[in-house]
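Structural overview for review
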Amino acid sequence: QVHLVESGGGLVQPGGSLTLSCVASGTFFFSNAYMSWYRQAPGKERELVAGITRDRITNYAESVKGRFTISRDNAENTVLLQMNSLKSDDTAVYYCNTITAAGWWYWGQGTQVTVDS
């Protein structure tokens with residue numbers, strides 16, 4: 001079992017910044033795991049925002065490139081998403097995700113990000 005807990009969401013003005021945190025626990029090797037952030041806006045499908053491999057190779061959705069940065073701290077079993085220059089289109093529930101070596105997907109409970117003046 002893998003347990004993911006997100007935090008750091010909130011209300012921010014356009015152009016502002018937020019940092020989301022995801023702490024992982026359970027019976028898996030965090031340092032080997034591909035970790036990612038997804039988001040789901042009202043009425044839309046869940047989409048991949050950013051991912052990071054065990055070797056810290058990152059990938060981003062085109063819509064967030066240059067504004068968001070994903071990073072990981074293997075000592076703390078934590079993955080961060082630094083979000084800058086936020087736009088109203090970034091408003092969504094953000095979910096932490098991992099896929100185990102056995103192919104099981106795990107999700108956190110989500111954290112709400114609202115960008116509004």
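Residues numbered from 1 in each chain as written. Predicted model: local features only at pLDDT ≥ 70, side-chain atom pairs only at ≥ 80, totals over all residues. Heavy atoms only, no water.

A few words on the overall build of the protein. On a plain count of helices and strands, the protein comes out with zero helices and eleven strands. Shown N-terminal to C-terminal, the secondary structure of the protein runs as helices and strands in the order β-β-β-β-β-β-β-β-β-β-β. In terms of C-alpha radius of gyration, the protein reaches 14 Å, essentially the compact-globule figure of 13 Å for 117 residues. Based on the C-alpha atoms only, the size of the protein along its principal axes is roughly 40 × 25 × 25 Å. The proportion of buried residues among the 117 residues of the protein is 42%. Residue pairs at least 24 apart in sequence account for 52% of intrachain contacts in the protein once pairs closer than 6 positions are excluded. Within the structure as shown, the protein displays about 6300 Å² of accessible surface, and the carbon and sulfur contribution to it stands at 51%. Computed over 9 positive and 10 negative side-chain charges, the inter-centroid distance for the protein is 4 Å. (Helix = DSSP H or I, 4+ residues; strand = E, 2+ residues; numbered from the N terminus. Rg over C-alpha atoms; globule rule 2.2 N^0.38 Å. Buried < 20%, exposed > 50% of the residue type's maximum accessible area, 1.4 Å probe, protein only. Contact = heavy atoms within 4.5 Å. Areas by Shrake-Rupley, 256 points an atom, 1.4 Å probe, with all protein chains shown as cover. Lys, Arg positive; Asp, Glu negative; His and termini not counted. Charge placed at Lys NZ, Arg CZ, Asp CG, Glu CD.)

Bringing the state of the cysteines into the picture now. Counted by the stated rule, this structure contains one disulfide. Covalently, cysteine 22 is tied to cysteine 96 through a disulfide, its sulfur atoms 2.1 Å apart. Taking the sign of the S-S torsion, about -80° here, the bridge from cysteine 22 to cysteine 96 comes out left-handed. A residue pair is termed long-range when its members are at least 10 positions apart, and cysteine 22 in strand S3 (residues 18–26) and cysteine 96 in strand S9 (residues 92–99) qualify at 74 residues. You'll find cysteine 22 and cysteine 96 in the same group, each marked buried. (Disulfide = S-S within 2.5 Å.)

Its identity as a non-glycine residue notwithstanding, arginine 56 has a phi of 65°, on the positive side. Tracing the chain through its elements places arginine 56 in the loop between strand S5 (47–52) and strand S6 (58–60). Here arginine 56 falls in the partly exposed class, since its relative accessible area comes to 45%. The backbone of serine 85 sits at a positive phi, close to 50°, despite the residue not being glycine. Here serine 85 shows up in the loop between strand S8 (78–83) and S9. What makes serine 85 partly exposed here is its relative accessible area of 40%.

The tendency in soluble globular proteins is for nonpolar side chains to be buried as a group. Residues Trp37, Leu81, Met83 and Tyr94 are the most contacted members of the largest nonpolar core, which totals 30 residues. Take this core: its biggest share by element is four residues, from S3. Apart from residues lying up to four places away in sequence, leucine 81 is in contact with Leu18, Thr19, Leu20, Trp37, Val49, Ala50, Phe68, Thr69, Ile70 and Tyr94. (Core = buried A, V, L, I, M, F, W, Y, C linked by side-chain atoms within 4.5 Å.)

Moving on to the side chain of glutamate 6. On the secondary structure map, glutamate 6 appears in strand S1 (residues 2–7). Here glutamate 6 is buried and forms no salt bridge, its nearest opposite-charge partner arginine 46 lying at an N-O distance of 7.5 Å. One polar contact links the side chain of glutamate 6 to the main-chain amide nitrogen of glycine 110, over a distance of 2.9 Å. (Salt bridge = Lys/Arg side-chain N within 4 Å of Asp/Glu carboxyl O. Polar contact = N/O pair within 3.5 Å; in protein donor to acceptor, adjacent residues only side chain to side chain.)

Turning our eyes to something else, we now look at the pairing of S9. When you tally the buried positions in S9, you get seven out of eight residues, the bulk of the element. Pairing between strand S4 (residues 34–40) and S9: seven bridges, direction antiparallel. Considered in S9, the bridge of methionine 35 is made with threonine 98. By the bridge criterion, three bridges tie S9 to strand S11 (residues 111–115) in an arrangement that is antiparallel. (Pairing = 2+ DSSP bridges.)

One pass over the structure, following the stated rule, counts four salt bridges. In this structure, arginine 39 engages glutamate 47 in a salt bridge whose closest nitrogen and oxygen atoms are separated by 2.7 Å. Linked by salt bridges that have partners in common, Arg39, Glu47, Arg67 and Asp90 make up one network.

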